[in-house]
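Here are the chains, one letter per residue:
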Amino acid sequence: QELYLHENKMVVIGTSWTYDPVYKVKDSANNEKYISPGRAESSVKALIYDIADRENVKLLREVELEGSYISSRKVGSNLYLLANDNINYGSIQEDGADIAPSYRDTAVEQEFNDIDFGSICYFPGTAELNYLITAGIDIDGSEPANVRAYLGAGRNLYVAVTNYSEASALSGAMKSGGAANEKNTQIYKFGMKDAKLKYLSKGEVPGTILNQFSMDENGDYFRIATTKGRVGATDASISKNCLYVLDNMLSITGKIEDMAPGEKIYSVRFMGDRAYVVTFKTIDPLFAVDLKDPAKPVVLGALKIPGYSDYLHPYDENHIIGFGKDTVELGPEGGTGDEGSMAFYMGMKMALFDVTDVKNPVEMFREKIGDRGTDSELLQNHKALLFSKEKNLLAFPVRVMESGEARGTAGAPFPEYGQFTFQGAYVYNLDLDHGFVRQGRLTHLTEEDFLKAGSYWYDSEKNIERILYINENLYTLSKMMIKANKLEGLQETGSLVIK
């Protein structure tokens, strides 16, 4: 899932699964008993390798945390790793069931060790049955990993925790859908130093975040964008979108609330003194926000266009690229713009926005790919994007579905899903004069694969997942193959099957 290089060391972070057909616990009388059926458990592994001799790579150390991967950071020789360990509610009902989080560090021993309950902190008010497990590891050293556990869900090194009001948690109003079912986000700030994570401060804002791009640290201030309420509601609980600025101690110093009622945030990008927020329900507003005065953030402009952006990527300080889906708005009888209309997503869409005049954002260029069903990992994972402004290069993996037809049933029109036509990498030149100019597309599928594909496609080992360049060569990577093509003209120069 992640790779880090540090001088002649490489850190590989991935997920491991184990399954116990039956497992052993102790009851309140300390008697052993076996539970069946078994359970599957996941863990996060950080493997540290010596790669000084590239032909003789040596595994030096493993650090393994119980749970699923959240995130990691490398600062100098220090690696910070976060995992989220779900507590099985059923196991709590068993006498003596072991619900302590555990980890292992081969610098100390090979076996897993439980984290002592007396050392576990918790996030007050959280309704999540999860442990956040953090580990600080010195890649160059052999000191034991610094491991801590916190009861409650987490997101990042600024840890965002969904929190229900005390009234809703105690009264059961979470299930009733009443006004008490309001979610807030608690933010916990951790300092990183010498392979140790130190708790610093805590804050809280209304609503919930979308992903890591909803949060940003700039100087002494922390900025966060949230959605509160319910999409589709027509009363006071209707969804609204907000942006908050917090100081060094995570107290709110400035805010914008109630943007785009009835919609929710689809993407956010903070860029210095500006923020760009995309919301969506049937139309895509791109809000440009001025953050120069932390006490008074201001919406300066908005651009409303069909479609939405799942991910915003900076081109330069005055231009931003949006990646998302095109949409069509259909009324109850298949027309457009009728009262009670709904938006249906179509093919993939890219747009280049000019925000030089922040009060009047402009969509300079747009590019559409395929029809309904077209998708790209880029829309869920920004690491699937290859972008180089210096080389005017833009590339990403995509699965293309094409139809060109629309159909519907009486009273419930909808666009038709396309049929599979391509999986691979789309490669573009991008500049401010010409916009998106497709140079070609690359695939690891054979002609026979396309003939056998039919209308759909699947998670094949031949699916291109990443694109990168080294010097003047472009490399595409799937689980099965690495292929090299010239950047100019995209002629294939070689390939390597991975066995």
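First, a word on what this report is: a plain description of the structure on this page. (Residues numbered from 1 in each chain as written. Predicted model: local features only at pLDDT ≥ 70, side-chain atom pairs only at ≥ 80, totals over all residues. Heavy atoms only, no water.)

Details of the pairing of strand β17 (residues 215-218)
Now for step 1: For β17 and strand β18 (residues 221-228), the ladder comprises 4 bridges, and the chain directions are antiparallel. Paired with D216 across the strands is R223, a residue of β18.
Now for step 2: Counted between consecutive antiparallel strands, the loop separating β17 from β18 contains 2 residues, among which G219 sits at a positive phi close to 65 degrees. (Pairing = 2+ DSSP bridges. Helix = DSSP H or I, 4+ residues; strand = E, 2+ residues; numbered from the N terminus.)

Side note on the side chain of S42
Now for step 1: Inspection of the secondary structure assignment puts S42 in strand β5 (residues 39-50).
Now for step 2: Of the residues examined, S42 reaches a relative accessible area of 17% and is grouped as buried.
Now for step 3: If sequence neighbours within four positions are ignored, S42 has contacts with T15, S16, W17, E66, G67 and S68. (Buried < 20%, exposed > 50% of the residue type's maximum accessible area, 1.4 Å probe, protein only. Contact = heavy atoms within 4.5 Å.)

Side note on the sheet that holds strand β19 (residues 240-246)
Now for step 1: Judged by pairing direction, the sheet is antiparallel, and its 4 strands sit side by side in the order β17-β18-β19-β20 without closing on themselves. Where the open sheet ends on each side, the last strands, each with one partner, are β17 and β20 (252-259). Adjacent strand axes in the sheet meet at a mean angle of 15 degrees when their direction is disregarded. (Axes fitted to C-alpha atoms, helices over the stretch in contact; angles between N-to-C directions.)

Description of the pairing of strand β37 (residues 481-486)
Now for step 1: Where strand β36 (residues 473-477) lies against β37, 5 bridges are found, and the strand directions are antiparallel. By the bridge assignment for β37, Y475 is matched with A484.
Now for step 2: Linking two consecutive strands that pair antiparallel, namely β36 and β37, is a turn of 3 residues.
Now for step 3: With 5 bridges joining them, β37 and strand β38 (residues 492-497) adopt antiparallel strand pairing. For N485, the partnering residue across the bridge sits in β38 and is E492.
Now for step 4: What sits between the antiparallel neighbours β37 and β38 is a turn of 5 residues, in which G489 has the positive phi angle 90 degrees.

Details of the environment of M364
Now for step 1: When you line up the elements, M364 lands in strand β28 (residues 362-369).
Now for step 2: Spatially, the C-alpha atoms of M364 and H434 are 9.7 Å apart, while their sequence positions differ by 70 residues.
Now for step 3: If sequence neighbours within four positions are ignored, M364 has contacts with H319, L352, D354 and L432.

Description of the packing of aromatic side chains
Now for step 1: In total, this model carries 19 aromatic pairs according to the counting rule given.
Now for step 2: When the centroid spacing of 4.4 Å and the interplanar angle of 20 degrees are considered together, the rings of Y158 and F222 count as stacked. Here Y158 is found in strand β14 (residues 158-164), whereas its partner F222 is found in strand β18, with 64 residues between them in sequence.
Now for step 3: Assessed through its relative accessible area of 16%, Y158 is described here as buried.
Now for step 4: Centre to centre, the rings of F323 and F396 are 6.2 Å apart; their planes meet at 70 degrees, and the pair counts as edge-to-face. In this pair, F323 is assigned in strand β26 (residues 319-330) and F396 in strand β30 (residues 393-402), connecting sequence segments 73 residues apart. (Phe/Tyr/Trp six-rings, centres within 6.5 Å; stacked < 30°, edge-to-face > 60°.)

So, to be careful, I would describe these as geometric facts and stop short of saying anything about function.
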